[in-house]
Amino acid sequence: MKLVLFGATGMVGSRIATEASARGHQVLAVSRSGQSPVPGVTATAADATDPEKVAEVARGADVVASACVPPRDGSDPSGPFLALNKALVAGVRAAGVGRLMVVGGAGGLEVAPGQALSDQPGFPEAYLPEAHAHRAVLAYYRALDDGLDWTYVSPAAEIAPGTRTGRFRVDGDQFMTDDQGRSFISAEDYAVAFVDELEAHAHPRGRMSVAY
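Now for a quick tour of the structure. (Residues numbered from 1 in each chain as written. Predicted model: local features only at pLDDT ≥ 70, side-chain atom pairs only at ≥ 80, totals over all residues. Heavy atoms only, no water.)

## Considering the packing of helix H1 (residues 11-22) against helix H5 (residues 187-200)
Phase 1 of the analysis: The N-to-C vectors of H1 and H5 enclose an angle of 55°; their axes lie 8 Å apart at closest approach. With respect to H5, the axis of H1 lies oblique. H5 is crossed by H1, and the crossing has right-handed handedness. Together, Met11, Val12, Arg15, Ile16, Glu19 and Ala20 of H1 and Ala187, Glu188, Tyr190, Ala191, Val192, Phe194 and Val195 of H5 make up the contact between the two elements.
Phase 2 of the analysis: In terms of residue class, the contact of H1 with H5 is built from ten nonpolar, no polar and three charged. (Axes fitted to C-alpha atoms, helices over the stretch in contact; angles between N-to-C directions. Helix = DSSP H or I, 4+ residues; strand = E, 2+ residues; numbered from the N terminus. Parallel < 35°, antiparallel > 145°, perpendicular 65-115°, else oblique. Left-handed = near helix turned anticlockwise from the far one by under 90°. Contact = heavy atoms within 4.5 Å. Nonpolar A, V, L, I, M, F, W, Y, C, P; charged D, E, K, R; others polar.)

So, in structure tokens, the structure goes:
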């Protein structure tokens, strides 16, 4: 497949680019810097908040993916992050690409039916703005009614650089923990799950979650 990946130089995006390229997919790594996160992967500079630029680089792709993250400058990220995703969708539509995959957040995962993780007592206050931003974006995708095929991929509560094992669990809206009560996934295994979904297309127009 031809994958156009926005946010490709970040922790998660660079690992998705690595995994997809290693499996033989054609990856165009898009970032504001235009740097390639992986040797041999083609890179270009573009701003995901510019629909025309998104359309320009996305044309001809089989799938567009976003590993963009909410702003972390101390301001409320919800508005800017929602605007970024709306611009991304507009650009994908203009490019004639029918499928979009999004790196999501864990805060909106359900600890029980209708009960989100970020609404629970003890959820770290420092992460609430980012959690709210991700939840607003997911609500936006769920409200789309034009047939765009999107998949929102939520990681575990903790995601960090680690080891690629290829062993993890996949669910939908459910928040998952291991036998010790920890919710964790390495960025490498998250990328495996993301590219698995790219290939299998098992969660069209929905959310999937991944954790150990």
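Moving on from the model shown.
## Let's talk about helix H4 (residues 128-143)
Phase 1 of the analysis: Its 16 residues place the ends of H4 23 Å apart at the C-alpha level, agreeing with the 22 Å of an ideal helix rising 1.5 Å per residue.
Phase 2 of the analysis: Every buried residue belonging to H4 is among Ala131, Ala133, His134, Val137, Leu138, Tyr140 and Tyr141, and all of these are buried.
Phase 3 of the analysis: Looking at the buried positions of H4, the neighbouring elements they touch are helix H3 (78-95), strand S5 (99-103), strand S8 (149-154) and strand S12 (206-211). (Expected span 1.5 Å × (residues − 1). Buried < 20%, exposed > 50% of the residue type's maximum accessible area, 1.4 Å probe, protein only.)

## A look at the packing of H3 against H4
Phase 1 of the analysis: Between H3 and H4, the least distance of the axes is 8 Å, while the angle of their chain directions is 30°. Seen along the crossing, H3 lies across H4 with a hand that is right-handed. Touching Ser78, Phe81, Leu82, Asn85, Lys86, Leu88 and Val89 of H3 are Pro129, His132, Ala133, His134, Ala136, Val137, Tyr140 and Tyr141, all from H4.
Phase 2 of the analysis: Taken together, the residues of the contact of H3 with H4 break down into ten nonpolar, four polar and one charged.

Distances and angles like these do not, on their own, reveal function.
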